[in-house]
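Residue-level listing of the chains:
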Amino acid sequence: MKPCELCESRKFKTIATKIREGDGVIAQCAKCGFIVQFLHWDEKRLRNYYEKEYQITNSLISGKRISAREHFEERIKTIGPLFERVRPFLSSGMKVLEIGGGPGALLSLCKPLVKKCIGVELNTEFVKFMQRDLSIEAYAADINKLQLKDRFDLVVMINTLDHLPNPLETLTTMKNLLSEGGRIYLEIPNRDEALNFYLPQLQLADFRKFFWHRAHLYYFTKDTIAALFNKCGLHIRTTCRHEYTLKNYMNWYFTGRPQPGFVSAVSKNELFGGKSDFETRMNKLFAGTEKEFKKIMSETFRGDTLCCIGWHTDSPKARRRRA
Ligand SMILES: [Zn+2]
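What you see is a predicted model; the values in this text were computed from it and never measured.

**Thoughts on the environment of Pro103**
Summarising the element assignment, Pro103 is placed in the loop between β4 (95-99) and α4 (105-110). As a C-alpha pair, Pro103 and Asp133 span 30 residues in sequence and 9.7 Å in three-dimensional space. Dropping the residues within four chain positions of it, Pro103 is found in contact with Ala68, His71, Phe72, Phe126, Phe129 and Met130.

Listed below in structure tokens is the structure:
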């Protein structure tokens, strides 16, 4: 068994044996609390899973294998809240690298605002799409094995680190790709999200089974991601956001099931499709509540996503602070 990525302990306790896809083993380090999935798959089996099963079970359009262009067009509809988080970092002279960014929806928005964008992604179809359709420099490669000449002012990774077998090595690689004063922007699922704790008993069991997922090899809390950053020699500042709607939360609350389709689950909070006075006013009520809901999720750190900004402990700013 591999020792804990964080503290090197070999003592784990099993915390779940049922996952979204069936049987599985989710375990927690007895010493530091880091959560891992024990999945004894070699690289070939993992690649096979991503190329065949994953693209159907995790498609942005439920149950359908979609093309790179379709994936791009679906993702761009919901990328607004993420782009708002990234935009404050961007300026005209900078170089941006995104790792695991799919067909490049986020980079396509960053590109007009910066000097240079590069995408590194394992899926060759997505890489071809970035090169051909978005004119973005892109590589189909493992970032830990790729020799990039550039150093970057911003290295972005969205919901990818938890899929990788080697988060410590990957985060270290990201750190080494930073230019002087550069920043990492990383988002990952929040193990402590409200749905994992606050639902009626039966629905809670349903959500927990859904939450543990074959593709996610690691599960992070605010504390364990901070420990990983610190171990790599990075400072970290973490905030939280919730991508899904209140309607989605209520759907889990009453039915114990996910909504079909990612786009509607993160963007459609209307209860009714008609235009009557009643329907219009009820939809307005929910639209107003949505903002307050997102605020609560963010401020209590119970949202589905942890948003982490990292910088070198040896950055000029950190050196000045020590002096
Ligand atoms: Zn540990």
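Once the structure has been displayed, the description carries forward.
**Quick word on helix α2 (residues 68-78)**
Residues separated by three or four positions in an α-helix point in the same direction, a consequence of the helix having 3.6 residues per turn. Those residues of α2 that fall on the buried side of the exposure criterion are Ala68, His71, Phe72 and Arg75. Down the axis of α2, the buried side of the element spans an arc of 100°, and every buried residue falls inside it. Tucked inside the fold, the buried residues of α2 contact α4 and α5 (124-133).

**With respect to the pairing of strand β1 (residues 12-19)**
Taken together, the six bridges between β1 and strand β2 (residues 22-29) define a ladder with antiparallel strand orientation. Bridging from a neighbouring strand, Phe12 pairs with Cys29 of β2. Linking β1 to β2, which pair antiparallel, is a turn of two residues.

**Regarding the sheet that holds β2**
Read across the sheet, four strands follow the order β1-β2-β3-β9 without closing on themselves; strand pairing throughout is antiparallel. Unpaired on one side and paired on the other, β1 and β9 (218-219) mark the two borders of the sheet.

**A closer look at helix α9 (residues 246-255)**
All of the buried residues along α9 are Leu246, Asn248 and Trp252. Angular distribution of buried residues about the axis of α9 spans 165°; they occupy a single face of the element. Looking at α9, the residues exposed on the side facing more than 90 degrees away from the buried face are Phe254 and Thr255. Against the buried residues of α9 lie α7 (201-211), α10 (262-267) and α11 (277-299). Gly256 sits one or two residues past α9 and shows a positive phi near 70°.

**Here we look at unusual backbone geometry**
Phi at Glu8 takes a positive value of approximately 65°, unusual for a residue other than glycine. Structurally, Glu8 is set in the segment before β1. Of note in this structure, Asn159 is not a glycine but carries a positive phi near 45°. Within the fold, Asn159 resides in the loop between β7 (152-158) and α6 (167-176). With 18 C-beta atoms packed within 10 Å, Asn159 lands in the partly exposed category.

**Quick word on the sheet that holds strand β8 (residues 178-189)**
The pairing of strands in a sheet happens through backbone hydrogen bonds and is either parallel or antiparallel. Spatially, β6-β5-β4-β7-β8-β11-β10 is the arrangement adopted by the seven strands of the open sheet, whose pairing is mixed. Each edge of the sheet is formed by a strand with only one pairing partner; in this case those strands are β6 (137-139) and β10 (234-241). Strand-to-strand, the axes of this sheet are offset by a mean angle of 15°, without reference to chain direction. Sheet analysis places strand β5 (residues 116-120) next to β6, joined by three bridges and oriented parallel. In the sheet register, Ile118 faces β6, and the bridge partner there is Glu137. On top of the sheet, helix α8 (residues 222-231) reaches β8, β10 and β11 (305-312); it is set at about 155° to β10, its chief contact.

**Side note on the pairing of β7**
Remark: a regular strand shows side chains that alternate across the two faces of the sheet. For β7, the tally of buried residues reaches seven of seven residues, placing the bulk of the element in the interior. Where β4 meets β7, four bridges bridge the pair, whose relative direction is parallel. The partner of Val96 across the bridge, within β7, is Leu154.

The rules we used
Residues numbered from 1 in each chain as written. Predicted model: local features only at pLDDT ≥ 70, side-chain atom pairs only at ≥ 80, totals over all residues. Helix = DSSP H or I, 4+ residues; strand = E, 2+ residues; numbered from the N terminus. Contact = placed C-beta atoms within 7 Å. Buried ≥ 20, exposed ≤ 12 C-beta atoms within 10 Å, placed from the backbone. Arc of directions from axis to C-beta. Pairing = 2+ DSSP bridges. Axes fitted to C-alpha atoms, helices over the stretch in contact; angles between N-to-C directions.

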